[in-house]
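Coordinate inspection notes
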Amino acid sequence: MKFKSARRFVRCTAMLLIAIASTVAVAATNPVPLIEQPLLPQNAVPGGAGFTVTVKGAGFVNGAVLNWNGSARPTSFVSSTKLTASVTAADVANAGTATVTVTNPVPGGGSSNPVFFQVTDPVVSIQTAATWKSATLLDAGMVTADFNQDGKPDVAVINCGTDLLCEHDVNSIDVYLGDGHGALTTGPSTVIPNSSLIPKLSLTGDFNGDGKIDVAVGTFYCVDIFLGDGTGAFTLASTFGSQAELPVILSLGAGDFNRDGNLDLLVGTNSDQSVHFASGDGTGHFTLSGKTAGFAAGLVVGDFNNDSILDFAISNSDITLFLGDGTGHFTGSTAAASTFSQGLAAGDFNGDGNLDIAGGDVYSNQLHILLGNGAGGFTASTVPAAANSAAIVTADLNGDGKLDLAVVPSSAFSGENFYLGNGNGGFTAGGFGTAFPQPNYLAVADFNGDGLLDVATLSTSGPLAIDTQSLVTPVTLTFVTQPLFTTSMSQLVTLTNTSTASLNLSSVVVTGDFVQTNTCGT
């Protein structure tokens, strides 16, 4: 009897332990969030009062925090697609551009993509002047970010040396550091190994979660991941892909598509006409784990059906939407547009809370605007354009709180074309940038710190140029050598008030061996 009692006791104890073990819960991993444009409000005038800003996006969790230039602000969680945060009067006391991100707490979590908030008086038209340009380069890509963490935007160029096909020279990531006044200085240069693989394009993200900007470089059939050190220099962390796996890379996209707290990559390829999913592990390494049929000449990421799960759209002969399931798998459907675009941009162009798409057209002089219904459907319209387009970005370019478009035409010698949004999904021509030979790449940032976004352009066979918004054109004058005691030909500088605010001019002063006359009333 004692033996049977002991065995019964052991059996009961084991059953109790099993029951306890079965109730242990595993903590959910928070995704990396994504912010969509625009912020609400998108801008403020200098010296205004504090306010509440609303952020829309995907992957927000309770405990998420909005960061204003890297500093946390009191944040309220509304839903997985919406946050609100308090912005103080001190935050908008002076003209400038703030960088807004959202950070989700651990486990997982991390910081979102950056979005700009502009503190400026709005302008009614866009007037730019080239404030800086490099010598002629042979390039295969360009990205902008604050690579050295000094609060000023920088530019990274994928440089092909002197070989137009990028097949024989030592290729590199060349960083140009912004001075905050519209000019750049030469920064660190990082060699891209295996130059014969031909670098083609690039994008940024924090791929190892250390708070420093990293760069992914797409070569002919593989992707190199370079981790930033916070000074503008990079170290190659990993390479994934092969000629069989990623035949002829066309496009890249980043986001936490499987919601594990690490950034993943999408890679569009030509030969097999597919978009490949590469899962990130949070250390800068990626694993290819599936593909979706689709020819992605252009690719943009967002939450197009408001389920807080990342989707993506691609452009080829039409624009196709792929809805994500949160595991890295996608289901596609054709959206309502027929276009061949090398670039797509996403934002809420009509203020209804749903993400819309803008695409250029390589073969016709028009832009395609697809207004989303929040369920994955779209209503299409077109906007007459000055030329066909090679690249497109969206941002509030004139500081009026409405998303605009900047487009690089695919013509041999041209400048950016600007299209100003009316807040209802419509756009009108808003000016032209400085013309450069064969522009192919386009990015926006506030390079001179005045609160208005400027434009960086790059061509495959021309200069990297910074086009800043300016009341004065041109911003520099060049005089030829002049004999002693003679006067040179005069040159004209024009001051134009493009703002809706009054411009009070007190004096015009020149220094050095120059004199001036003006019609400005001084």
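The rules behind these values
Residues numbered from 1 in each chain as written. Predicted model: local features only at pLDDT ≥ 70, side-chain atom pairs only at ≥ 80, totals over all residues. Heavy atoms only, no water. Salt bridge = Lys/Arg side-chain N within 4 Å of Asp/Glu carboxyl O. Helix = DSSP H or I, 4+ residues; strand = E, 2+ residues; numbered from the N terminus. Buried < 20%, exposed > 50% of the residue type's maximum accessible area, 1.4 Å probe, protein only. Pairing = 2+ DSSP bridges. Axes fitted to C-alpha atoms, helices over the stretch in contact; angles between N-to-C directions. Phe/Tyr/Trp six-rings, centres within 6.5 Å; stacked < 30°, edge-to-face > 60°.

1. What about the pattern of salt bridges?
Pairing between side chains becomes possible if they bear opposite charge and their charged atoms approach one another. Scanning the model with the defined rule gives three salt bridges in all. For Lys56, the salt bridge goes to Glu36, with nearest N and O atoms at 3.6 Å. Of this pair, Lys56 sits in strand 3 (residues 51-58) while Glu36 sits in the loop between strand 1 (34-35) and strand 2 (43-44), and the two are 20 residues apart along the sequence. The exposure class of Lys56 is buried, given its relative accessible area of 18%. With its nearest N and O atoms 3.5 Å apart, the salt bridge here joins Asp272 to Lys291. Of the two residues, Asp272 sits in the loop between strand 21 (264-269) and strand 22 (274-280) while Lys291 sits in strand 23 (residues 286-293), which places them 19 residues apart along the sequence. Owing to a relative accessible area of 25%, Asp272 belongs among the partly exposed residues under this scheme.

2. Quick look at the sheet that holds strand 33 (residues 404-409)
Spatially, the four strands line up as an open sheet ordered 32-33-35-36, and their pairing is antiparallel. Looking at which strands have only one partner, the edges of the open sheet turn out to be strand 32 (389-395) and strand 36 (427-432). Within the sheet, the average angular offset between the axes of one strand and its neighbour, ignoring direction, is 25°. Bridging between strand 32 and strand 33 involves six bridges; their strand directions are antiparallel. Bridge pairing in strand 33 places Ile392 opposite Val407.

3. With respect to the sheet that holds strand 27 (residues 330-334)
Backbone-to-backbone hydrogen bonds join strands into a sheet, with any given pair of strands oriented parallel or antiparallel. Overall, antiparallel pairing links the four strands, which are arranged 24-25-26-27 in an open sheet. The outermost strands of the open sheet, each flanked by one partner alone, are strand 24 (298-302) and strand 27. On average, each strand axis in the sheet is tilted by 20° relative to the strand beside it, whichever way the strands run. Relative to strand 25 (residues 311-315), strand 24 is paired through five bridges, and the arrangement is antiparallel. Directly across from Gly298, in strand 25, lies its bridge partner Ser315.

4. Let's talk about the packing of aromatic side chains
Tallied over the full model, the rule gives twelve aromatic pairs. Each ring, one from Phe220 and one from Tyr221, has its centre 6.3 Å from the other, and the planes form 75°; the classification is edge-to-face. Overall, the relative accessible area of 30% leaves Phe220 in the partly exposed class. Residue class for Tyr221 comes out partly exposed when judged on its relative accessible area of 22%. Both rings, one in Phe312 and one in Phe322, keep their centres 4.8 Å apart while their planes meet at 15°; by these two values the pair is stacked. Taken together, the residues span a long stretch of sequence, with Phe312 in strand 25 and Phe322 in strand 26 (residues 319-324) at a distance of ten residues. A relative accessible area of 0% places Phe312 in the buried class. Ring pairs connect the aromatic residues Phe257, Phe277, Phe312, Phe322 and Phe330, which therefore count as one cluster.

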